[in-house]
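For reference, the chains in residue letters:
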Amino acid sequence: MPASENKVQQPYVVAGVSMRDLLAAGVAANVISTPPRVPEPEAGRPSAEHGHREAA
């Protein structure tokens, strides 16, 4: 029997990646590609222009 008749097609096998790792990679990519938020003005600190007056 020739050697070519003996060969059976094997599926291509690669190392697996867990779904958890795949989802974590997607979340990490989203975090990295999202620009940082603009800081909001501090609500707890009154500024000098808004109603604060010096004592006479």
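Our structure is the block above this text.
Please read all numbers here as calculations on a predicted model, not as lab measurements. The numbering scheme is per chain: residues are counted from 1 as the chain's sequence reads. Per-residue local features are limited, in this predicted model, to residues with pLDDT of at least 70; the limit for side-chain atom pairs, both in listing and counting, is 80 or more; totals at the level of whole chains, interfaces and linings are taken over all residues. Hydrogens and waters are ignored; side-chain quantities use all the structure's heavy atoms.

A. Main features of the overall build of the protein. Helix numbers and strand numbers start at the N terminus; a helix is a DSSP run of H or I with at least 4 residues, a strand a run of E with at least 2. Regarding its fold elements, the protein presents 2 helices and 0 strands. We call a residue buried when its accessible area falls under 20% of the maximum for its residue type, exposed when it is over 50%, and partly exposed in between, using a 1.4 Å probe and counting protein chains only. Looking at the protein as a whole, 0% of its 56 residues qualify as buried. Reported accessibility uses the Shrake-Rupley method at a 1.4 Å probe radius. Residues are deemed covered only where the shown protein chains occlude them. Total accessible area on the protein is roughly 6,300 Å²; 59% of this is exposed by carbon and sulfur atoms.

B. Region of interest: a nonpolar patch on the surface. Patch definition: residues with relative accessible area over 30% and no salt bridge; like charges joined within 9 Å; nonpolar side chains (Val, Leu, Ile, Met, Phe, Trp, Tyr) joined within 5 Å. The working definition used for a salt bridge is a side-chain nitrogen of Lys or Arg within 4 Å of a carboxyl oxygen of Asp or Glu. A cluster of nonpolar side chains, contributed by Val17, Met19, Leu22 and Leu23, occupies part of the molecular surface with about 440 Å² of accessible area. Note on placement: leucine 23 falls in helix α2 (residues 19-33).

C. Quick peek at α2. Helix length check: α2, at 15 residues, gives a terminal C-alpha distance of 21 Å against a target of 21 Å (1.5 Å per residue), a fit within 8%. Along α2, only 0 of the 15 residues are buried, which leaves the element largely exposed. A helix's residues, less one, multiplied by 1.5 Å, set its expected span.

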